[in-house]
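Secondary and tertiary structure notes
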Amino acid sequence: MWLRRRFGFVCFLAFCFFGVVGCVLWGSEQVTLQERPLCEALNLLSTKDFLQNHNEGVFDQSKNFGKGMLRVPASVRKHYDGKNLLMLRSAEVDFDYEDGSVDFGNIGGFYARWKIVMVPFEKKLFKALQKAHNNFDRSKILYRVSHKKNRIEAILPGPFRRNGCEWGDTRQIGSQKLEYKNYGIYDWDYFPKVDRVLGIVYEGDEGIHDDFITWFDASKKQETIVLAKEGAFRIVIDSLSSGNPESKDEKIETRISATHR
């Protein structure tokens, strides 16, 4: 009797899982590519325009009205002043990482949400990142960093409107490239004594099957940080300080959401 009940429960879970997968994939097939809505912050009006522009566009955060792009501890969010920033400049995505080859739990679908989580530099964490060469170790580090109270989180926006602005399925649409305007992902004034941070770029949704993509070590003294992996991505970030002021015609108006975790 006990074995029969346990087998029935396992079958029920399997039915639920594959049912959800089927619904997601079936639903995705009902929408054509050109019917996918484009992010409002882009310089293009429609997905058709984006495709005709070779999957390239410009994302302007000052036009991304009402969207919380950063999650910052409530205790330091008041220090954001649009100066002394890490600025996201560009991203080219050739592989979206929402793929079963990365994590068998990924159910695919069209959209992939990329994020960046940053924390003040720690020597122990730095060494752990250097030594982590497999998904298991990197996932453990990502989990630990994404639960730190002093973390700063940012969205790495893609061209398509869904839960914010997300990247499209690279198997279906191919490479996508965005240039960014007015998007500061970290303010050096958050923690006055911190002049160096560690960051992790990952794909995921609120801790469910988050996939480690890459990591970086940034300081106030650096001017440009390039994160790249052939056939997967290329991300450019600038570190701006009072000694390297931002151009006057660029408004830094990143909307911030507080996090208390």
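Notes on the overall build of the chain
Looking only at helices and strands, one finds five helices and 14 strands in the chain. Within the chain, buried positions represent 46% of all 261 residues. Restricting the contact set of the chain to residue pairs at least 6 apart, pairs at least 24 apart contribute 71%. In the form shown here, the chain has an accessible surface area of approximately 14,400 Å², with 53% of it arising from carbon and sulfur atoms.

Observations regarding the packing of helix α3 (residues 123-131) against helix α4 (residues 135-145)
The geometry of α3 relative to α4 is characterised by a closest axis approach of 10 Å and an angle of 150 degrees between their N-to-C directions. Classified by the angle their axes make, α3 and α4 are roughly antiparallel. For α3 against α4, the interelement crossing comes out left-handed. Residues L125, A128 and L129 of α3 form the contact with α4, whose own contacting residues are I141, R144 and V145.

Re the pairing of strand β5 (residues 152-156)
Within β5, five of the five residues are buried, leaving the element largely enclosed by the surrounding structure. Residues I152, A154 and L156 line one face of β5 and the alternating positions E153 and I155 line the opposite face, and both faces are buried. As judged from the two bridges shared by strand β2 (residues 70-73) and β5, these two strands associate in the antiparallel manner. Looking at the pairing, L70 lines up with A154 of β5. Relative to β5, strand β4 (residues 114-120) runs antiparallel, the two sharing five bridges. Pairing of W114 across the sheet is with L156, part of β5.

Concerning α3
For α3, the set of buried residues is L125, F126 and L129. For α3, the angular spread of buried residues about the axis comes to 105 degrees, placing them on one side. Facing away from the buried side of α3 by more than 90 degrees, the exposed set consists of K123, K124 and K131.

Points about the nonpolar core
Within the largest apolar cluster, 55 residues are counted, with the highest numbers of intra-cluster contacts made by L86, W114, L156, I185, Y186 and I235. By residue number, the principal contributor to this core is strand β3 (residues 85-93), which donates six residues. L125, A132, L142 and F212 belong to the second-largest nonpolar core, a separate cluster that totals 13 residues.

A few points about the state of the cysteines
Scanning the entire structure with this criterion turns up one disulfide. Bridging C39 to C165, the disulfide has an S-S length of 2.0 Å. Measuring the twist about the S-S bond at about 50 degrees, one finds the C39-C165 disulfide to be right-handed. Of the two residues, C39 is situated in the loop between α1 (2-29) and α2 (47-52) and C165 in strand β7 (residues 164-166); the sequence distance between them amounts to 126 residues.

Things to note about unusual backbone geometry
For N55, which is not glycine, the phi dihedral falls at a positive 60 degrees. With respect to the secondary-structure elements, N55 resides in the loop between α2 and β1 (56-60). For N55, a relative accessible area of 9% corresponds to the buried category. One non-glycine residue, Y97, adopts positive backbone phi at about 70 degrees.

Here we look at the packing of aromatic side chains
If you walk through the whole model with that rule in mind, you get 13 aromatic pairs. Relative to W167, the ring of W114 lies with its centre 6.3 Å away and its plane at 55 degrees, an arrangement referred to as tilted. Taken together, the residues W114 in strand β4 and W167 in the loop between β7 and α5 (170-173) connect sequence positions 53 residues apart. Its relative accessible area of 0% is what places W114 among the buried residues. Between F126 and W215 the ring centres are 5.9 Å apart and the planes differ by 75 degrees, which places this aromatic pair in the edge-to-face class.

A few points about the side chain of E166
By the secondary structure assignment, E166 is in strand β7. Exposure remark for E166: the relative accessible area of 1% places this residue in the buried category. Sequence-distant contacts of E166, defined by excluding residues within four places in its chain, comprise Y111, A112, R113, G158, P159 and F160.

Notes on the pattern of salt bridges
Going through the model one piece at a time under the given rule, you end up with eight salt bridges. Across the pair E40 and R161 runs a salt bridge, and its minimum N-O distance is 3.9 Å. With E40 in the loop between α1 and α2 and R161 in strand β6 (residues 160-162), the pair connects residues that are 121 residues apart, well separated along the chain. A salt bridge links E179 to K177; the nearest nitrogen and oxygen atoms lie 3.9 Å apart. Its relative accessible area of 34% is what places E179 among the partly exposed residues. Sharing partners across several salt bridges, the network here consists of R71, R151 and E153.

What counts, and where the lines are drawn
Residues numbered from 1 in each chain as written. Predicted model: local features only at pLDDT ≥ 70, side-chain atom pairs only at ≥ 80, totals over all residues. Heavy atoms only, no water. Helix = DSSP H or I, 4+ residues; strand = E, 2+ residues; numbered from the N terminus. Buried < 20%, exposed > 50% of the residue type's maximum accessible area, 1.4 Å probe, protein only. Contact = heavy atoms within 4.5 Å. Areas by Shrake-Rupley, 256 points an atom, 1.4 Å probe, with all protein chains shown as cover. Axes fitted to C-alpha atoms, helices over the stretch in contact; angles between N-to-C directions. Parallel < 35°, antiparallel > 145°, perpendicular 65-115°, else oblique. Left-handed = near helix turned anticlockwise from the far one by under 90°. Pairing = 2+ DSSP bridges. Arc of directions from axis to C-beta. Core = buried A, V, L, I, M, F, W, Y, C linked by side-chain atoms within 4.5 Å. Disulfide = S-S within 2.5 Å. Phe/Tyr/Trp six-rings, centres within 6.5 Å; stacked < 30°, edge-to-face > 60°. Salt bridge = Lys/Arg side-chain N within 4 Å of Asp/Glu carboxyl O.

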